[in-house]
Amino acid sequence: MTQQVKRAFRYRFYPTDEQAAELSRTFGCVRLVYNKALEERTRAWYGEQRRISYVQSSAALTEWKKTAELAFLSEVSSVPLQPALRHLQTAFGNFFAKRAKYPRYKSRKKSRASAEYTRSAFTWRDGRLTLAKMAEPLDIRWSRPLPEGAEPTTVTVSRDSAGRWFVAMLVEDTIAPAPATSAAVGLDAGITSLVTLSTGEKIANPRHERRDRARLAKAQRELSRKAKGSANREKARRKVARVHARITDRRRDFLHKLSARLVRENQTVVIEDLTVRNLLKNGKLARTISDAAWTDLRMMLEYKCAWYGRELVVIDRWFPSSKLCGACGTVREKLPLNVREWTCDCGTVHDRDVNAARNILAAGLAASACGDGVRPQRESSRTGRSSVKQETQRATAGIPRLQAGKEVNVRSSSSAHGSCAPSRSGPR
């Protein structure tokens, strides 16, 4: 059945000189309010052991506007200043819940320049958007239409490091589920191949950063020769930022198309719970892993599966998908990364990536059938156990195995009594 979701549509726009100046002032005020509120909270806690709430920060903002030093805060719209305080409150909530580090100050040079306008701070009439403190509507390039009859509830204006202006409109959209299918696929993330499917198909890694590496290096050399603080240095910095933006846009476009295809063609998608942050500690592979953007692909799969009625199964990161023989269930003790094809003692020759993808699919289907959680629990990650309940010593007992494109169920003595036996976990 259809569902109502909040969906953001982002468009590029070209402001006039007056609009650009107004937005730049607003960005600066938003950043200042965030940093000053963070400073006050930090001082109150470490100096007085006192916590400051969002309501107290909002009251302090009113007092700041009355001072001669910060009177300029009243010159911009007051609406974008309040979301800055809410974002800080969310950052502290994540910190106290141990989901993030302590909030950091926003930098004028490095932080994203953005401002959030709620419904009272903009006018939407006949498809034209006019922000508070502005006399003219924004010159938006409508690359795709908004849903019919939809009206923005929140508008976020931003400017990237390349100097491009964007406006993101949050609207209510109706999502119809995709036609049901019985297909299921397992994904094994890699470097040579971005992902390998359990069907045997390998999606080549476009390596967007490598394709523009020479252009990026040239732009960075030109930047290094410019005098700090000069106008020429700013022009050179923009040139470097444009190369990075080109790489980012192409990568995002490719991942959107890939994730949409996987969700459209399969009812169940199984992936691994990779810890990309730890993988980036490998100095030799960090640049290539960052370019692959596995985290972005997973994020896209998560929300698209939720939108279109698909099931996304995430298996434990310690599941030995590469070292596990999908034919006999034997787990190899060692399998170096440079070994891309190996032969099991049973005589089966495995392509490392295809075998891993098929084992991931089998483990995901078993976890889904047993009612196991979609996300592995923290305890299972610490103990090195699979997300599937562990009851036997056999590595693949009770897990459906794929042989010649068919699903074969292998049961042990314990699974014959109705219990789902798991795979034995361990490092890949």
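Keep in mind it's a predicted model, so treat the numbers as computed, not measured.

K.L.:
Looking at this model, I keep getting lost on the overall build of the protein. Mind explaining?
P.N.:
Within the protein one finds 11 helices and 16 strands. For the protein, with 428 residues in total, the buried portion stands at 43%. Put simply, of all contacts in the protein between residues at least 6 apart along the chain, 71% involve residues at least 24 apart.

K.L.:
Got a minute to help me understand the packing of aromatic side chains in this structure?
P.N.:
Working definition: an aromatic ring pair is given by the centre-to-centre distance plus the angle between the planes. For the structure shown, the criterion picks out 10 aromatic pairs. By way of ring pairs, the aromatic residues F92, F95, F96 and Y102 are connected into one cluster. The side chain of R51 reaches across the aromatic face of W45, ending 5.7 Å from its centre.

K.L.:
Explain the packing of helix α2 (residues 54–65) against helix α3 (residues 81–96) to me, please; I cannot follow it from the model alone.
P.N.:
Packed helix pairs are specified by the crossing angle of their axes together with the interaxial distance, meaning the distance between the axes. Across the interface, α2 lies against α3 with an axial gap of 10 Å and an inter-helix angle of 145°. As α2 packs across α3, the resulting crossing turns out to be right-handed. Along its contact with α2, which presents Y54, S57, S58, L61 and K65, the element α3 presents L81, Q82, L85, R86 and Q89. Its residues assigned to classes, the contact of α2 with α3 comprises 4 nonpolar, 4 polar and 2 charged.

K.L.:
Help me understand the packing of helix α1 (residues 17–48) against α2, please; the structure alone is not making it clear to me.
P.N.:
Where α1 contacts α2, the axes come no closer than 11 Å and their chain directions differ by 120°. Relative to α2, the element α1 lies oblique. Of the two possible hands of crossing, α1 and α2 adopt the one that is right-handed. Touching V33, K36, A37, E40 and R41 of α1 are Y54, S57, L61 and W64, all from α2.

K.L.:
How should I be thinking about the side chain of N266 in this particular structure?
P.N.:
Turning to its location among the elements, N266 is positioned in the loop between α6 (231–265) and β11 (268–272). Apart from the residues lying within four places of it in its own chain, the contact partners of N266 are T181, A183, A184, V185 and R310.

K.L.:
Explanation requested: the pattern of salt bridges in the structure shown.
P.N.:
Side-chain pairing between opposite charges can occur once the charged atoms of the two side chains come close. Tallied over the entire structure, the rule returns 27 salt bridges. E201 serves as the salt-bridge partner of R261, at 2.6 Å between the closest nitrogen and oxygen. Here R261 is found in helix α6, whereas its partner E201 is found in the loop between β9 (193–197) and β10 (202–204), with 60 residues between them in sequence. We classify R261 as partly exposed; its relative accessible area is 22%. A salt bridge links E222 to K239; the nearest nitrogen and oxygen atoms lie 3.4 Å apart. A residue pair is termed long-range when its members are at least 10 positions apart, and E222 in helix α5 (residues 213–224) and K239 in helix α6 qualify at 17 residues.

Here is what the cut-offs are and how they apply
- Residues numbered from 1 in each chain as written.
- Predicted model: local features only at pLDDT ≥ 70, side-chain atom pairs only at ≥ 80, totals over all residues.
- Heavy atoms only, no water.
- Helix = DSSP H or I, 4+ residues; strand = E, 2+ residues; numbered from the N terminus.
- Buried < 20%, exposed > 50% of the residue type's maximum accessible area, 1.4 Å probe, protein only.
- Contact = heavy atoms within 4.5 Å.
- Phe/Tyr/Trp six-rings, centres within 6.5 Å; stacked < 30°, edge-to-face > 60°.
- Lys NZ or Arg CZ within 6 Å of the ring centre and 35° of its normal.
- Axes fitted to C-alpha atoms, helices over the stretch in contact; angles between N-to-C directions.
- Left-handed = near helix turned anticlockwise from the far one by under 90°.
- Nonpolar A, V, L, I, M, F, W, Y, C, P; charged D, E, K, R; others polar.
- Parallel < 35°, antiparallel > 145°, perpendicular 65-115°, else oblique.
- Salt bridge = Lys/Arg side-chain N within 4 Å of Asp/Glu carboxyl O.

Such coordinate-based values are descriptive only and should not be taken to indicate function.
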